[in-house]
Amino acid sequence: MGKYASWNDLEKNVPVAYQEKATPEAFRTGMNGIAPSGLKVKEGRVNHYRDGVDGKGPVMVSGYKRAMFE
């Protein structure tokens, strides 16, 4: 969060960055990186992740706002 100068800056830029970086491929790579030897992440989990993050950048920002500020 330190790279944003104001809340407005964070609110405007985080959804774009979230959308670019929270990809099913990134999830697959990360999960396969920590998987036990000889195992890989299930494709169903990757698809569920995709469904859970598509278009959710603004939702993530509003959730952070509710969690952190009164």
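This text gives an overview of the structure that appears in the document. (Residues numbered from 1 in each chain as written. Predicted model: local features only at pLDDT ≥ 70, side-chain atom pairs only at ≥ 80, totals over all residues. Heavy atoms only, no water.)

**With respect to the overall build of the protein**
No. 1: Broken down by element type, the protein carries four helices and zero strands.
No. 2: Ordered by position from N to C terminus, the α and β elements of the protein give α-α-α-α.
No. 3: Here the C-alpha radius of gyration of the protein, 15 Å, is well above what a compact globule of 70 residues would show, namely 11 Å.
No. 4: The principal-axis extent of the C-alpha atoms belonging to the protein is close to 45 × 20 × 20 Å.
No. 5: Expressed as a percentage of contacts within the protein between residues at least 6 apart in sequence, the contacts between residues at least 24 apart total 59%.
No. 6: For the protein, the accessible area works out to roughly 5,400 Å², and carbon and sulfur atoms hold 56% of it.
No. 7: A distance of 5 Å separates the average location of the 11 positive side-chain charges in the protein from that of its 8 negative side-chain charges. (Helix = DSSP H or I, 4+ residues; strand = E, 2+ residues; numbered from the N terminus. Rg over C-alpha atoms; globule rule 2.2 N^0.38 Å. Contact = heavy atoms within 4.5 Å. Areas by Shrake-Rupley, 256 points an atom, 1.4 Å probe, with all protein chains shown as cover. Lys, Arg positive; Asp, Glu negative; His and termini not counted. Charge placed at Lys NZ, Arg CZ, Asp CG, Glu CD.)

**Digging into the pattern of salt bridges**
No. 1: Throughout the structure, instances matching the rule amount to one salt bridge.
No. 2: Among the ionic pairs, R28 bridges to E43, the shortest N-O distance being 2.9 Å. Highlighted residues: R28 in helix 2 (residues 24–34) and E43 in helix 3 (residues 43–53), separated in sequence by 15 residues. (Salt bridge = Lys/Arg side-chain N within 4 Å of Asp/Glu carboxyl O.)

**Focus on the packing of aromatic side chains**
No. 1: Evaluated as defined, the whole model comprises four aromatic pairs.
No. 2: A centroid spacing of 6.3 Å and a plane angle of 5° characterise the contact between W7 and Y64, whose relative ring orientation is stacked. Within this pair, whereas W7 is found in helix 1 (residues 7–21), its partner Y64 is found in helix 4 (residues 57–68), the two being separated by 57 residues in sequence.
No. 3: Of the residues examined, Y64 reaches a relative accessible area of 26% and is grouped as partly exposed.
No. 4: The interplanar angle of 80° and the centroid separation of 6.4 Å between the aromatic rings of Y64 and F69 together place this pair among those described as edge-to-face. (Phe/Tyr/Trp six-rings, centres within 6.5 Å; stacked < 30°, edge-to-face > 60°. Buried < 20%, exposed > 50% of the residue type's maximum accessible area, 1.4 Å probe, protein only.)

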